[in-house]
Amino acid sequence: MTDGGMERSATSGHLPVMYRQVLEGLRVRGDGAYLDGTFGRGGHARGVLDQLGAGGRLLVMDKDPEAIAVAEREFGADPRVSIFRGSFAGLGRWDATAGGLDGILFDLGVSSPQLDVAERGFSFGKDGPLDMRMDPDAGQSAAEWLAQADEREIADALWTYGEERQSRRIARAIVARRADEPLVRTAQLAELIASVIPRGAQKIHPATRSFQAIRIFINRELADLEVGLDAALGRLKPGGRLAVISFHSLEDRIVKQFIARHAKAPPANRRMPVEVAFTPDLLAIGGAQKADDAETGDNPRARSAVLRVAEKLPREAA
């Protein structure tokens, strides 16, 4: 599994991952209301806003204060735009969404600015504080968690969220090392993991899966995704579109199963004497979409991106 979205600034000249497919999937109307639940640096949001007329609305959310600062600077003066700092898991509690939405986008994973800034602590390739929080004002940092979690908890997180086969060995090494010195830098952790799992014939760095797992655990990413998908369904108007970009199999499995659960009747159970009625809430729009060769050639991080789109169906009157 690989991980990492692509969000570049407006001045970079680069588009975010699957830009064209996202805008086509959302089917933006000039007078519609749209939510970008993962603003990043605003690449997708900017594309939506360009298609909105004076009566359209763009709502943007992000947990990262740096992303919100960019949103305020670039879009804060536009009366069509509303900005909120927080996880998309809480989108249903934002009053601005109460009127319903014509489209919602979640672009999951970590953004390029987060990866590229060493001080954020997301990258094993850049030495910095071992933080990894998307919202640096909430919860424990990775260093704080690794300092007090027991060996089994660490191993379980590495296996569950990173599918790291050497999770127990790595967890044992972390607990042993912290007894001598605290793990407070990304380079410390990356070097420790590499010493336990020599690279050998692997194409990826030995710390790749562990860093991904710790980040997902620290930020509650999968739990937030499950809650956010339910909230999105609740706020979409009939005919509204949900577009989700995933960057690894754990995320994509949740999205795929969510769409299927609301689009297809469950398999018949011969033990049930009465068939349970099923009314679909969603229509899957195509299947899993991938970035094309031109995009992956320009941006290797797009290789693992998977886009799924679904449309909310109207409820028939009783």
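Note that the structure is a prediction, hence the values are computed from the model and not measured.

Cut-off values and rules
- Residues numbered from 1 in each chain as written.
- Predicted model: local features only at pLDDT ≥ 70, side-chain atom pairs only at ≥ 80, totals over all residues.
- Heavy atoms only, no water.
- Helix = DSSP H or I, 4+ residues; strand = E, 2+ residues; numbered from the N terminus.
- Buried < 20%, exposed > 50% of the residue type's maximum accessible area, 1.4 Å probe, protein only.
- Contact = heavy atoms within 4.5 Å.
- Areas by Shrake-Rupley, 256 points an atom, 1.4 Å probe, with all protein chains shown as cover.
- Polar contact = N/O pair within 3.5 Å; in protein donor to acceptor, adjacent residues only side chain to side chain.
- Phe/Tyr/Trp six-rings, centres within 6.5 Å; stacked < 30°, edge-to-face > 60°.
- Axes fitted to C-alpha atoms, helices over the stretch in contact; angles between N-to-C directions.
- Parallel < 35°, antiparallel > 145°, perpendicular 65-115°, else oblique.
- Nonpolar A, V, L, I, M, F, W, Y, C, P; charged D, E, K, R; others polar.

On a plain count of helices and strands, the protein comes out with twelve helices and eight strands. Looking at the protein residue by residue over its 318 residues, the buried ones come to 53%. Once local pairs closer than 6 in sequence are excluded, the contacts in the protein between residues at least 24 apart make up 69%. Carbon together with sulfur atoms contributes 50% to the accessible area of the protein, which is approximately 15,300 Å² in total.

Attention now moves to helix α8 (residues 186-196). Counted residue by residue, α8 has eight buried out of eleven residues, so it is predominantly covered. All of the buried residues in α8 are T186, A187, Q188, L189, A190, L192, I193 and V196.

In this section: the side chain of T97. Here T97 shows up in the loop between β3 (81-85) and β4 (101-107). T97 gets classed as buried once you look at its relative accessible area, which sits at 0%. Polar contacts involving the side chain of T97 include one to the side chain of R235, which spans 2.8 Å. Once residues lying within four places of it in the same chain are set aside, the contact partners of T97 are L59, L91, G92 and R235.

As enumerated under the stated definition, the model contains five aromatic pairs in all. Their ring planes at 35° and their centres at 4.5 Å tell us that W145 and F217 sit as a pair that is tilted. Separated by 72 residues along the polypeptide, W145 in helix α5 (residues 142-148) and F217 in helix α9 (residues 208-219) bring together distant segments of the chain. Under the relative-accessibility criterion, W145 is labelled buried at 1%. Relative to F217, the ring of Y161 has its centre 6.2 Å away and its plane inclined at 50°; by these criteria the two rings are tilted.

One can describe the packing of helix α6 (residues 151-162) onto α9 by two numbers: an axis separation of 8 Å at closest approach and a directional angle of 100°. Considered as vectors, α6 and α9 are oriented roughly perpendicular to each other. Side by side, α6 and α9 meet where E153, A157, L158, Y161 and G162 of the first sit next to R209, S210, Q212, A213, I214, I216 and F217 of the second. For the contact of α6 with α9, the residue count by class is seven nonpolar, three polar and two charged.

Shape descriptors only; they carry no functional weight alone.
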